[in-house]
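Residues per chain are reported as follows:
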Amino acid sequence: MAALIGAAITSCNSNDDTGTQDIQIPGITIDNDLDCCSASEAMQVYSFLRTLKNIPELSTVVDGQYNVFAYTRSGGFHTGYNELFFVATKQKSGNYIKDFSLTPITPVMLMTQMGMKHSTPVSGGVSTFNEDYSAVKRGWVSFLMSSGDAGSWSLSYDVSVLGKTGGISNIDITVDDLASGQQWLKSFKVGDATYYLTLVDPTSWQTGTNTIQAYVSAKGSVGTEPYGLATERFTIDIDPRMPDMGNHSSPGNEALTLQADGSYQGTINLTMTGLWRIFLTVKDAQGNVVAGGDTDTSTLYWDVTI
């Protein structure tokens, strides 16, 4: 990515109140540009992006002036929850731009043998996710299945940068299977409605108490449109079990409840390393069980190996 790894090392002048900063970022020149970050902000963005991997096929140029770059943590995609990060830069200077926005990410799978298409759960849009990285936008996609003989995935989005519009359309991507012992996406039905339970990346979990976060998405009447967050309010009880260790459970777990940001959050306690099968009981706003609930027969669970 030329804007980030240019050979020249350029001193960056700040547009904040502290004056000139002794911060150097490869390929980026900051010169009191009010559309962009200060030198200290740019350094934070640059350092954060170095923890991610660019996906070139999802990058684009807008109005011949601005670059938009897409990243994931691994440089690829897998089934279940994936975070996507975006930055926009000016081509002339490499400066990061705060004033840009993306429409909801639109993934579509073409089912090869069936000749039909469907989408998958996505975030309600992309937004600034951390005040320290104000020029970085974040969204997520939860893929129902991997790429392969059964079907192939493509992805689209529209973007606006400083009032100029662009985007990508139906770019082919590859979605891999999660590793064995990891299963982060399950569905359930209530009447004719289909919902999806996406577990947010649990790879940082350790033995002991962990925060557990998830999203509930609803499939719309048009299957090729992204599955947005459900408008209904649920409560999700969890019962973690170890199938390889006599199916024992653990104490101190708290149900997932709806948060202001649209996610569901609770507490899970894992007493040892290994495979944990997290059985789910979904209750509606009145407390009625609408899905799951029986650990002997239920298929409504997430698998997490720590």
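Provided above is the structure to which this section pertains.
Residues numbered from 1 in each chain as written. Predicted model: local features only at pLDDT ≥ 70, side-chain atom pairs only at ≥ 80, totals over all residues. Heavy atoms only, no water.

**Q** When you look at the overall build of the protein in this model, what are you seeing that I'm missing?
**A** Looking only at helices and strands, one finds two helices and 25 strands in the protein. Sorting the 306 residues of the protein into buried and exposed places 46% on the buried side. Sequence-distant contacts, at least 24 apart, represent 57% of the contacts inside the protein between residues at least 6 apart. As displayed, the protein has an accessible area near 14200 Å², and 45% of this comes from carbon and sulfur atoms. (Helix = DSSP H or I, 4+ residues; strand = E, 2+ residues; numbered from the N terminus. Buried < 20%, exposed > 50% of the residue type's maximum accessible area, 1.4 Å probe, protein only. Contact = heavy atoms within 4.5 Å. Areas by Shrake-Rupley, 256 points an atom, 1.4 Å probe, with all protein chains shown as cover.)

**Q** It is not clear to me how the side chain of Asn 269 should be interpreted in this structure. Could you clarify?
**A** Along the chain, Asn 269 turns up in strand β22 (residues 264-270). Excluding residues within four positions of it along the chain, Asn 269 makes contact with Gly 208, Thr 209, Pro 240, Ser 250, Pro 251, Gly 252 and Asn 253.

**Q** What should I look at first to understand the pairing of strand β23 (residues 275-283) in this one?
**A** Note on strand geometry: in a regular strand, side chains alternate between the two faces of the sheet. For β23, the buried fraction is high: seven of the nine residues fall into the buried class. As paired strands, strand β20 (residues 235-241) and β23 are joined by seven bridges and run antiparallel to one another. Residue pairing in the sheet places Asp 237 in a bridge with Thr 281 of β23. Bridge count between β23 and strand β25 (residues 301-305): five bridges; the pairing is antiparallel. Bridge pairing in β25 places Arg 277 opposite Asp 303. Strand direction decides the pairing type here: β23 and strand β24 (residues 289-292), joined by three bridges, are antiparallel. Paired with Val 282 across the two strands is Ala 291, which belongs to β24. Between the end of β23 and the start of β24, which pair antiparallel, lie five residues, with Gly 287 showing a positive phi angle near 90°. (Pairing = 2+ DSSP bridges.)

**Q** Can you walk me through the packing of aromatic side chains in this structure?
**A** Given two aromatic rings, their pairing is described by the distance between the two centres and the angle made by the two planes. According to the stated counting rule, one finds eleven aromatic pairs in the structure shown. Ring centres of Phe 86 and Tyr 157 lie 5.3 Å apart, and the angle between their planes is 70°; on these two criteria the pair is classed as edge-to-face. Of this pair, Phe 86 sits in strand β7 (residues 80-90) while Tyr 157 sits in strand β14 (residues 151-161), placing them 71 residues apart in sequence. For Phe 86, a relative accessible area of 1% translates into the label buried. Judged by its relative accessible area of 2%, Tyr 157 is buried. Taking 5.4 Å as the distance between ring centres and 25° as the angle between the ring planes, the aromatic pair formed by Tyr 196 and Tyr 227 counts as stacked. Taken together, the residues span a long stretch of sequence, with Tyr 196 in strand β18 (residues 193-199) and Tyr 227 in the loop between β19 (208-218) and β20 at a distance of 31 residues. Every member of this aromatic cluster is reached through a ring pair, and the members are Phe 77, Phe 143 and Trp 153. Above the plane of the ring of Phe 100 lies Lys 137, whose end atom (NZ or CZ) is 5.3 Å from the centre. (Phe/Tyr/Trp six-rings, centres within 6.5 Å; stacked < 30°, edge-to-face > 60°. Lys NZ or Arg CZ within 6 Å of the ring centre and 35° of its normal.)

**Q** Before we go on, may I ask you to explain unusual backbone geometry in this structure?
**A** Residues apart from glycine generally show negative phi values, whereas peptide bonds are mostly found in trans. Even without being a glycine, Asp 63 presents a positive backbone phi close to 55°. With respect to the helices, strands and loops of the structure, Asp 63 is situated in the loop between β4 (60-62) and β5 (66-72). The partly exposed category is assigned to Asp 63, whose relative accessible area is 42%. The phi torsion at Asn 247 lies on the positive side, around 65°, for a residue other than glycine. On the secondary structure map, Asn 247 appears in the loop between β20 and β21 (254-258). Since its relative accessible area comes to 29%, Asn 247 is described here as partly exposed.

**Q** Help me understand the nonpolar core in this model?
**A** For soluble globular proteins, nonpolar side chains are generally found buried alongside one another. Leu 197 and Trp 302 are the most contacted members of the largest nonpolar core, which has 31 residues in total. Residues Leu 58, Leu 84, Met 109 and Val 126 belong to the second largest nonpolar core, which totals 29 residues. (Core = buried A, V, L, I, M, F, W, Y, C linked by side-chain atoms within 4.5 Å.)

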